[in-house]
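The chain contents come next:
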Amino acid sequence: MKHWLRKWRLVSIFAMLALVLSGCGKPFLSALQPAGDVAKQQYDLILFSLGVMTLVIIVVVILFTIVVVRFRRKSDSEIPKQVEGSHTLEIVWTVIPILIILVIAVPTVAVTFAQGDVSAIGKKDKDGNPENLVVNVRAHLYWWEFEYPDLGIVTSQDLVIPTEEKVYFQIQSADVKHSFWIPPLGGKLDANPDNVNKFFLDVKQDKADNVNEIFYGKCAELCGPSHAYMDFKVKALSKDDFNQWVDDMKNASAPEPTTDLARKGEEVFNNSCMSCHAISPTEDNRLAPNLTNFGEREAVAGILDHNEDELKRWIREGKKIKPGNEMPEFNEKMISNEELDALAAYLMELKVQNK
Ligand code: HEC
Ligand SMILES: [Cu+2]
């Protein structure tokens, strides 16, 4: 192959990579823009290790260059001085790497253990109330369920948490292995079917303001054909707003459709959808996302824009949108276009706040 052609290929690959990766640099999605103490500590560790490694590379390259220049063969007959079996040299190049590893290991191990400490789960204050917020995360093919065991509420797809405090997560899967990851808030943790994994995360208020209170979460373990669509949103609210949301959820009454269309939609829903979907915040129905506050979601099914058209598209051809997902598709024979309009109107009215 012509030389210039090969170079051109390399350049275009790097250009494409740069273009694709530039999409990752968003504050609501980037692990390189930490939004809490946990994420910041992890980020600092990355930078620190990178710094040490860069230093090593620089020193090695300098030594290498000196050796190449100074000791290159000057005549055919010359043999350089042989230093095989030098104790001093052997000790030097064994001790230096050990020191470097220690320098990296001490802070890494310290942070790892500190961040793995979940002994605060279950602690009560003197009034008998839990000291920390705990969220049980259940991963499903391809959606997320969030249960607040101490508050008695369940929601899905949009995780709601308060800022400026540690939030503890107990993570499990209902089917295959998934992984719970909110890049700006910290490292991921596996969701396994057989055991519960625990950790905590936190969000700074100013970082939440910076992204209009919404961070993006992902599944980070290849789990099936729609793995890449297994997204969720994280609403990080101030403590007051969070408490307000909890109150609204707890006091959510049965939905009362406000229009004739929505009333008709309720009927369709009760006939075709109720067997899987719960619409009360205390009902822990593990078959499908809880829709109590669906009207206030950021997305439909985690990935589509939150509007009636996308909602209808989801009901009609959800399997095209998320291949392999477990909700049946409803064609025109099952639900007429009129009924579909009614359903959409009804679902969009499902709200617990600012009704
Ligand atoms: C067999 C159980 C089942 C039935 C019946 C069912 N669904 Fe679903 N539904 C699911 C599952 C599972 C998901 C999650 C799919 C995913 O995201 O992977 C889902 C997701 C959804 C979502 C997105 C939820 C969110 O939080 O964004 C909506 C909206 C929805 N269903 C509406 C309906 C409507 C309307 C009906 C009735 C016409 C219906 N579903 C019937 C199982 C079901
Ligand atoms: Cu997954």
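Look up a bit, the structure's there.
Residues numbered from 1 in each chain as written. Chains lettered and ligands numbered in written order. Predicted model: local features only at pLDDT ≥ 70, side-chain atom pairs only at ≥ 80, totals over all residues. Heavy atoms only, no water.

Colleague: Help me out: how do you make sense of the nonpolar core in this one?
Modeller: One broad rule of soluble globular proteins: the nonpolar side chains tend to lie buried together. Counting residues in hydrophobic clusters, the biggest one holds 45 residues, and the most contacted among them are Y148, L159, F169, F180 and F215. A per-element tally of this core places strand β1 (residues 133-140) first, with 5 residues. Setting aside residues no more than four positions away along its own chain, F169 makes contact with V135, V137, L159, I161, F180, N197, K198, F199 and L201. Membership of the second largest hydrophobic core comes to 24 residues, among which are W314, I315, A344 and L350. (Core = buried A, V, L, I, M, F, W, Y, C linked by side-chain atoms within 4.5 Å. Buried < 20%, exposed > 50% of the residue type's maximum accessible area, 1.4 Å probe, protein only. Helix = DSSP H or I, 4+ residues; strand = E, 2+ residues; numbered from the N terminus. Contact = heavy atoms within 4.5 Å.)

Colleague: How should I be thinking about the environment of W245 in this particular structure?
Modeller: Considering the arrangement of structural elements, one finds W245 in helix α5 (residues 239-250). When its relative accessible area of 3% is taken as the criterion, W245 is described as buried. Spatially, the C-alpha atom of W245 lies 7.2 Å from that of Q353, the residues being 108 residues apart in sequence. Those residues in contact with W245 that sit more than four places away from it in its chain are Y148, I153, T155, V160, L237, N293 and Q353.

Colleague: Looking at this structure, I do not really get the packing of helix α2 (residues 37-70) against helix α3 (residues 87-115). What am I missing?
Modeller: Each pair of packed helices gets described by two things: the angle between the helix axes and the distance between those axes. Contact pair α2 / α3: the axes reach a minimum separation of 11 Å and the direction vectors enclose 170°. Judged by the inter-axis angle, α2 sits roughly antiparallel to α3. Each of V38, Q41, Q42, L45, F48, S49, V52 and V56 in α2 lies in contact with α3, whose residues at this interface are I100, V103, I104, P107, T108, V111 and Q115. Broken down by class, the residue content of the contact of α2 with α3 amounts to 10 nonpolar, 5 polar and no charged. (Axes fitted to C-alpha atoms, helices over the stretch in contact; angles between N-to-C directions. Parallel < 35°, antiparallel > 145°, perpendicular 65-115°, else oblique. Nonpolar A, V, L, I, M, F, W, Y, C, P; charged D, E, K, R; others polar.)

Colleague: For this particular structure, what's the right way to read the site of ligand 1?
Modeller: Near ligand 1, the surroundings consist of 29 residues, among which C273, C276, H277, R297 and M327 are the closest. Here K322 contributes a side-chain N or O atom positioned 2.6 Å from an oxygen atom of ligand 1. If you list the elements that add at least two residues to the shell around ligand 1, you get β11 (299-300), α7 (308-321) and α8 (337-348). Tallying contributions element by element places α7 first for the shell around ligand 1, with 3 residues. Shared between two domains, the shell around ligand 1 holds at least three residues of each, these being domain 1 (26-68 + 86-121 + 130-236) and domain 2 (260-348). (Near = heavy atom within 4 Å. Polar contact = N/O pair within 3.5 Å; in protein donor to acceptor, adjacent residues only side chain to side chain. Domains from an automatic or database assignment.)

Colleague: Would you mind showing me how to read the side chain of S156 here?
Modeller: When you line up the elements, S156 lands in strand β3 (residues 153-156). In this structure S156 comes out as buried when scored by relative accessible area, which is 0%. In contact with S156, other than residues within four places in its own chain, are W143, W144, E145, F146, P289, N290 and R297.

Colleague: Which parts of the structure should I look at to understand the pattern of salt bridges?
Modeller: It is possible for side chains bearing opposite charge to pair when their charged atoms get close. Overall, the coordinates contain 12 salt bridges when judged by the stated rule. Note that R263 and D260 form a salt bridge whose closest N and O atoms lie 3.0 Å from each other. Here R263 pairs with D260, and both are found in helix α6 (residues 260-272), just 3 residues apart, close to one helical turn. Its relative accessible area of 41% is what places R263 among the partly exposed residues. (Salt bridge = Lys/Arg side-chain N within 4 Å of Asp/Glu carboxyl O.)

Colleague: Any chance you could explain the coordination of the iron atom of ligand 1 here in plain terms?
Modeller: Ideal values differ by geometry: the angle at a metal is 109.5 degrees with four tetrahedral donors, but 90 or 180 degrees with six octahedral donors. Bound to the iron atom of ligand 1 on the protein side are H277 (NE2) and M327 (SD), at distances that span 2.0 to 2.1 Å. Coordination at the iron atom of ligand 1 is octahedral: its 6 donor atoms span angles of 84 to 178° at the metal. Here the residue H277 occupies a position in the loop between α6 and β11, and M327 occupies one in the loop between α7 and α8, the gap between them amounting to 50 residues. Across this residue pair, the class does not change: H277 and M327 are buried. (Donors = N, O, S within 2.8 Å, 3.2 Å for Na, K, Ca; no water. Tetrahedral: all angles 85-135°; square planar, octahedral: opposite > 155°, others 65-115°.)

Colleague: Help me understand the packing of aromatic side chains, please; the structure alone is not making it clear to me.
Modeller: Each aromatic ring pair is specified by the distance between its two centres and by the angle formed by the two planes. Taken as a whole and judged by the stated rule, the model has 13 aromatic pairs. Relative to W245, the ring of F242 lies with its centre 6.0 Å away and its plane at 35°, an arrangement referred to as tilted. Residue F242 and its partner W245 are located together in helix α5, separated by 3 residues, close to a single helical turn. One exposure class covers both F242 and W245, and it is buried. Through successive ring pairs, a cluster of aromatic residues spans W144, F146, F169, F180, F199 and F232. Directly above the ring of W181 sits K188, whose terminal nitrogen or CZ lies 4.3 Å from the centroid. Of note, K233 hangs over the ring of Y216, and the distance from its end group to the ring centre comes to 4.4 Å. (Phe/Tyr/Trp six-rings, centres within 6.5 Å; stacked < 30°, edge-to-face > 60°. Lys NZ or Arg CZ within 6 Å of the ring centre and 35° of its normal.)

Colleague: Explain α2 to me, please; I cannot follow it from the model alone.
Modeller: Along an α-helix, residues three or four apart share an orientation, since each turn contains 3.6 residues. Over its 34 residues, α2 extends 49 Å from the first C-alpha to the last, a length consistent with the 50 Å expected when each residue adds 1.5 Å. Among the residues of α2, V38, A39, L45, S49 and V52 are the ones counted as buried. Each element contacted by the buried residues of α2 is listed here: α3, β7 (186-191) and β8 (197-201). (Expected span 1.5 Å × (residues − 1).)

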